Amino acid sequence: MSKTLRRIKTHRKAKTTINGFYDNDSHCLLIHYSCESFYDIKDGKTPRITSIAVRYLNTAQTKSFSIHKVAELKQIPIDQIDGSYDLLEKEMLKDFYKFVEEHKDYKWIHWNMRDINYGFEALKYRATILGAKTYDIKDENKFDLARLLIDKYGKGYSSHPRLPSILEMNKISSKHWLNGDEEAKAFDNKEYVKLHQSTLAKVDVMENILKLTAEEDLKTKSKLRDIYGLNPQGIFELAKDHWLYSLILVVLSTILGILITNWINGSS
């Protein structure tokens, strides 16, 4: 299989997957979470989970889980949360996994939640060491939006870090947004509400990106050649995907046919 054909197949698969979310949007969820910094932990422990946000794609209703909400229910003052971290995190993760059990067959759309450092495995591991029951989400039901965008548009579709860059290009509001360093600082400063607002903001912008992508309105740095290549096979596939290029190809083919016919007739 040629490099061009592989690139086009990858592009088409990503496009089909993204469009498929909206064909069955009542069973699709977007998820993001915030945690303690995994770079500054000195005792070798995995970072604590501080908040999780899950949004229904069809209604935009968001279910949230956070240690400060659990603390409020247990009447623990916010400035004393650090003295009950294990208890609060365990209760939060128990609530989250009850939700997972009820939605384990849904499609879970995420951003780079792929490993034990940051991902579904990290959530499961934290719940396990704290003694909370977990429920598995099948790998085939996990969809990394970050990778889908690379598959659809090519690696150069956005500058690094890609998520803030794509937001800027598309003028998507990032109110309450915190980057990784800012989230770590917020945790150290016990600004749990601020952390939770950042988590909610991220599922919101993820939904915006997903919708723009499905509607073919997402602005990226990708050129058509990055997706289709410049060889005849790529041009043919481009014409199949875009009616305007298909029309241009038909017109050019017609003109070429007329020129060839005139040349033959003139030579005979």
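Whatever comes next refers back to the structure up there.
Bear in mind that the values here come from a model prediction, so they are computed numbers and not experimental data.

Caption draft 1: Quick peek at the nonpolar core. In this structure, Ile31, Tyr33, Ile52, Val54, Phe96, Trp108 and Leu123 are the most contacted members of the largest nonpolar core, which totals 37 residues. Of all the secondary-structure elements, those providing two or more residues to this core are strand S1 (28–35), strand S2 (49–56), helix H2 (67–73), helix H3 (85–103), helix H4 (120–130), helix H7 (180–188) and helix H8 (192–214). Sort the elements by how many residues they give to this core and H3 lands first, with eight residues. Residues contacting Phe96, with those up to four places away along its chain left out, are Ile31, Ile52, Val54, Phe65, Trp108 and Leu123. Of all hydrophobic cores here, the second largest spans 25 residues; its members include Leu30, Trp111, Ile172 and Leu218.

Caption draft 2: Structural detail: the side chain of His110. In this fold, His110 is placed in strand S4 (residues 107–110). Reaching out from His110, the side chain makes a polar contact with the backbone nitrogen of Asp144 at a distance of 3.5 Å. The contact partners of His110, leaving out residues within four places of it in the chain, are Ile31, Phe120, Lys142, Phe143, Asp144, Leu145, Ala146 and Met206.

Caption draft 3: Layout of the sheet that holds strand S5 (residues 142–144). Read across the sheet, five strands follow the order S3-S2-S1-S4-S5 without closing on themselves; strand pairing throughout is mixed. The open sheet has two free edges, formed respectively by strand S3 (62–66) and S5, since each of these has just one partner strand. Sheet twist, expressed as the average angle between the axes of neighbouring strands with direction ignored, equals 25 degrees. Note: S1 against S4, three bridges, orientation parallel. Bridged to Cys28 within S4 is Lys107. Strand contacts of helix H5 (residues 145–153): S4 and S5, with the helix running at about 55 degrees to S5, the strand carrying the most contacts.

Caption draft 4: Fine view of the packing of H7 against H8. Contact pair H7 / H8: the axes reach a minimum separation of 8 Å and the direction vectors enclose 150 degrees. Between H7 and H8, the angle is such that the two are roughly antiparallel. Only Tyr192, Leu195, Ser198 and Lys202 of H8 make contact with H7, whose side of the interface consists of Glu183, Ala186 and Phe187. Its residues assigned to classes, the contact of H7 with H8 comprises four nonpolar, one polar and two charged.

Caption draft 5: Representation of the packing of H3 against H4 within the structure. The interhelical angle for the contact between H3 and H4, taken along N-to-C directions, is 125 degrees, at an axis separation of 9 Å. Considered as vectors, H3 and H4 are oriented oblique to each other. Crossing hand, H3 versus H4: left-handed. Along the contact surface, H3 presents Asp86, Glu89, Lys90, Leu93, Phe96 and Tyr97, while H4 presents Phe120, Leu123, Lys124, Arg126, Ala127 and Leu130.

Caption draft 6: Geometry of helix H6 (residues 162–169). For H6, the complete set of buried residues consists of Arg162, Leu163, Ser165, Ile166 and Leu167. Looking at the packing, one finds that the buried side of H6 touches H5 and H8. Lys171 sits one or two positions beyond H6 and adopts a positive phi of about 55 degrees.

Caption draft 7: Main features of the packing of aromatic side chains. This model, assessed by the stated rule, comprises twelve aromatic pairs. Ring centres of Tyr85 and Phe187 lie 5.5 Å apart, and the angle between their planes is 15 degrees; on these two criteria the pair is classed as stacked. Of this pair, Tyr85 sits in helix H3 while Phe187 sits in helix H7, and the two are 102 residues apart along the sequence. Taken individually, Tyr85 and Phe187 each receive the classification buried, so the pair is uniform in this respect. Summarising the aromatic geometry, the rings of Phe99 and Trp108 are spaced 6.2 Å apart at their centres and angled 90 degrees between planes, so their arrangement reads as edge-to-face.

Definitions and limits used
- Along each chain, residues carry numbers from 1 onward, in the same order as the chain's sequence is written.
- The predicted nature of this model means local features are confined to residues of pLDDT at least 70 and side-chain atom pairs, given and counted, to a pLDDT of 80 or more, with totals for whole chains, interfaces and linings taken over all residues.
- Only hydrogens and water are set aside when side-chain values are computed; all heavy atoms of the structure are taken into account.
- Take the buried residues of types Ala, Val, Leu, Ile, Met, Phe, Trp, Tyr and Cys, join any two whose side-chain atoms come within 4.5 Å, and each joined set is a nonpolar core.
- Using a 1.4 Å probe on the protein chains alone, a residue whose accessible area is under 20% of its type maximum counts as buried, one over 50% counts as exposed, and one in between counts as partly exposed.
- Numbered from the N terminus, helices here are DSSP runs of H or I no shorter than four residues, and strands are runs of E no shorter than two.
- We call two residues in contact whenever any of their non-hydrogen atoms come within 4.5 Å of each other.
- Here a polar contact is taken to be a pair of N or O atoms separated by no more than 3.5 Å, where protein atoms must pair a possible hydrogen donor with a possible acceptor and residues adjacent in sequence count only if both atoms sit in side chains.
- Following DSSP output, two strands are said to pair if at least two bridges run between them.
- Think of each axis as a best-fit line through the C-alpha atoms, taken over the contacting stretch in the case of a helix, with angles from 0 to 180 degrees between the N-to-C directions.
- Angle categories are assigned with fixed cut-offs, so that under 35 degrees is roughly parallel, over 145 is roughly antiparallel, 65 to 115 is roughly perpendicular, and the rest are oblique.
- The classification used treats Ala, Val, Leu, Ile, Met, Phe, Trp, Tyr, Cys and Pro as nonpolar, Asp, Glu, Lys and Arg as charged, and all other residues, Gly among them, as polar.
- Here a crossing is called left-handed whenever its near helix is offset anticlockwise from the far helix by less than a right angle, and right-handed whenever the offset is clockwise.
- Two aromatic rings, drawn from Phe, Tyr or Trp (for Trp, its six-membered ring), form a pair once their centres lie within 6.5 Å of each other, and the interplanar angle then sorts them: stacked below 30 degrees, edge-to-face above 60, tilted otherwise.

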